[in-house]
Amino acid sequence: MKNKWFKLDNAGKIFPPTSSRKDPKVFRFACELKEEVNPNILKQALEQTIEMFPGFRVVLKKGLFWYYLETTNLEPKVTIEKLPPCSAIYDQNKKGLLFRVTYYNCRINLEIYHVLSDGTGALEFLRCLVSYYLNMIHFPNKKVAIKYDASYNEKMIDSFDKYYDNTKKFAKTNLLDSYKIKGEHLNGGLIRVIEGHLSVKEVLAKAHEYKATLTSFLTAVYIIAISKTMKIRDKKKPISIVIPVNLRNYFKSATARNFFSTIFISHFSKIDDNLEDVITFVNNEFKDKLQEDKIIERMHEYAVLEHNFIVRLIPLFIKDIVLYIAYLLAEKKGTVTLSNVGRIEIDSKYEKYIERFSVFSSTYKEQICICSYLDNLTIASTSSFEDEEIMKNFYRELTDLGINVQLVSNLIDE
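Everything quoted here is computed from the prediction, not taken from an experiment.

1. So, the layout of surface pockets
Considered as a void within the structure, the second largest pocket measures approximately 800 Å³ in volume. Secondary structure elements with two or more residues in the lining of the second largest pocket: strand 3 (58-62), strand 5 (78-80) and strand 6 (99-104). When its residues are assigned to classes, the lining of the second largest pocket shows 14 nonpolar, five polar and 12 charged.

Here it is, written out as structure tokens:
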């Protein structure tokens, strides 16, 4: 069968020219079971899952004007986890799939190069993988329970292109340069991962005391944590939290590819900042920035360059340079990223075999990723810095509010 090829979606185009050893643009979803993983059964589950996600059996290639994805006969593998978290997946000198599945003790890991998909697409893949796996182990004579029943075309569609409207004109968003976290980086492009395990009910109850959502509440706590590490002269620049937004909440789409945008919550820190005032500010910012018309405006702002006829004719090696410079300029606008994947659900018959889910991403700065499963809230921070002061402040704020936190971290070979 002749291989098919696909253009990268609008979000995916930025990742090939900006991927590096320091930040390979890889993110991980993990499922921690209550039992040891059987690698042979996991391999069988992966073979069934990949059939449901044809867009994941692809390799990345270079064209004259754009990168593109091409279908392949390569088979995905299951291996024991040996590499550091979120190690590079894409190698331009080697033909390979853009995701990996590994296991360690009770944990199943799915790591994805961001060109391939976003958090929503990756989560659907992992949910299918875990469902197939647990079904084979515990319900071998019953049909697997999977709710992701989108068609081939629905999974493969480029929703950015589908919803781009070139008749609309939007004013360009002007953002201030943000405060930059400084410090010594870990050697070898490593990242430190710290996972906080909390009760959803506890955190939500505290957030509701402040009339805030869980995301607003934790964003405000993050701002306070960063502010406490800043020098007075640094406070002339805002702490800007980059928040990814799932565009499927605004446009009908079941795509397994990238379909997200971002908003910026920018706060000028003061010496006498208190949590209540910062939460009020963050609440108002979310209410303003998440208005549908502003989300649509932001999406079109990203897409307009891709649809420019002159840009299309520029050779790829020049595009790479332009996109890299644009990326560096955009990086100045954000201090850190906070991504809330939200509540993860799976068929109830599998629930008693699962402890928790988690998600985190590679970064050359600092980042927090949040997800919940039943009453288990996981806050996973990744950092390339040696110093852990910000996250110490973050969890100290939460514990001072009476919230119970259990912390685990990966071991870094200094």
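2. Section: a negative patch on the surface
Taken together, the side chains of Glu184, Glu386, Asp387 and Glu389 present a region of like negative charge at the surface. Assignment of secondary structure puts Asp387 in the loop between strand 14 (376-383) and helix 12 (389-400).

3. Describing the packing of helix 7 (residues 214-227) against helix 8 (residues 275-289)
Across the interface, helix 7 lies against helix 8 with an axial gap of 9 Å and an inter-helix angle of 125°. One element, helix 7, and the other, helix 8, form an angle in the oblique class. Between helix 7 and helix 8 the crossing geometry is right-handed. Touching Thr215, Ser216, Phe217, Thr219, Ala220, Val221, Ile223 and Ile224 of helix 7 are Leu275, Val278, Ile279, Val282, Asn283 and Phe286, all from helix 8. Residues belonging to the contact of helix 7 with helix 8 are distributed by class as follows: 10 nonpolar, four polar and no charged.

4. What about the sheet that holds strand 11 (residues 336-343)?
With mixed pairing, seven strands are arranged side by side in an open sheet as 10-9-11-13-14-8-15. Unpaired on one side and paired on the other, strand 10 (260-267) and strand 15 (406-409) mark the two borders of the sheet. Taken pair by pair, the neighbouring strands of this sheet meet at an average axis angle of 20°, ignoring direction. Looking at chain direction, strand 11 and strand 13 (residues 366-373) are connected through six bridges and run parallel.

5. Quick notes on the state of the cysteines
Overall, the coordinates contain zero disulfides when judged by the stated rule. Not engaged in a disulfide, the cysteine Cys106 finds its nearest cysteine sulfur in Cys31; these two sulfurs lie 10 Å apart. Cys106 sits in the partly exposed class, given a relative accessible area of 23%. For Cys369, which is in no disulfide, the shortest distance to another cysteine sulfur is to Cys86 and amounts to 8.6 Å. According to the relative accessible area criterion, Cys369 is buried, its value standing at 5%.

6. As for empty space enclosed by the protein
Counted according to the given criterion, the structure contains three cavities of 30 Å³ or more. For the largest cavity, the calculated volume is near 80 Å³. Contributing to the lining of the largest cavity are Phe6, Phe53, Pro54, Gly55, Phe56, Leu69, Leu116, Lys155, Met156, Ala256 and Arg257. Volume-wise, the second largest cavity comes out at about 60 Å³. Around the second largest cavity, the lining residues are Arg192, Ile194, Glu366, Ser381, Ser383, Phe385, Asp387, Glu388 and Met391. Of all the elements in the fold, those that place two or more residues in the lining of the second largest cavity are strand 8 (192-199) and strand 14. The residue inventory of the lining of the second largest cavity, partitioned by class, reads three nonpolar, two polar and four charged.

Thresholds, definitions, all that
Residues numbered from 1 in each chain as written. Predicted model: local features only at pLDDT ≥ 70, side-chain atom pairs only at ≥ 80, totals over all residues. Heavy atoms only, no water. 1 Å grid on protein atoms, 1.4 Å probe; cavity = no way out; pocket = protein on both sides within 12 Å on 5 of 7 lines; lining within 4 Å. Points joined across faces, edges and corners; volume = space filled by probe spheres on them. Helix = DSSP H or I, 4+ residues; strand = E, 2+ residues; numbered from the N terminus. Nonpolar A, V, L, I, M, F, W, Y, C, P; charged D, E, K, R; others polar. Patch = residues over 30% accessible without salt bridge, like charges linked within 9 Å, V, L, I, M, F, W, Y side chains within 5 Å. Areas by Shrake-Rupley, 256 points an atom, 1.4 Å probe, with all protein chains shown as cover. Salt bridge = Lys/Arg side-chain N within 4 Å of Asp/Glu carboxyl O. Lys, Arg positive; Asp, Glu negative; His and termini not counted. Charge placed at Lys NZ, Arg CZ, Asp CG, Glu CD. Axes fitted to C-alpha atoms, helices over the stretch in contact; angles between N-to-C directions. Parallel < 35°, antiparallel > 145°, perpendicular 65-115°, else oblique. Left-handed = near helix turned anticlockwise from the far one by under 90°. Contact = heavy atoms within 4.5 Å. Pairing = 2+ DSSP bridges. Disulfide = S-S within 2.5 Å. Buried < 20%, exposed > 50% of the residue type's maximum accessible area, 1.4 Å probe, protein only.

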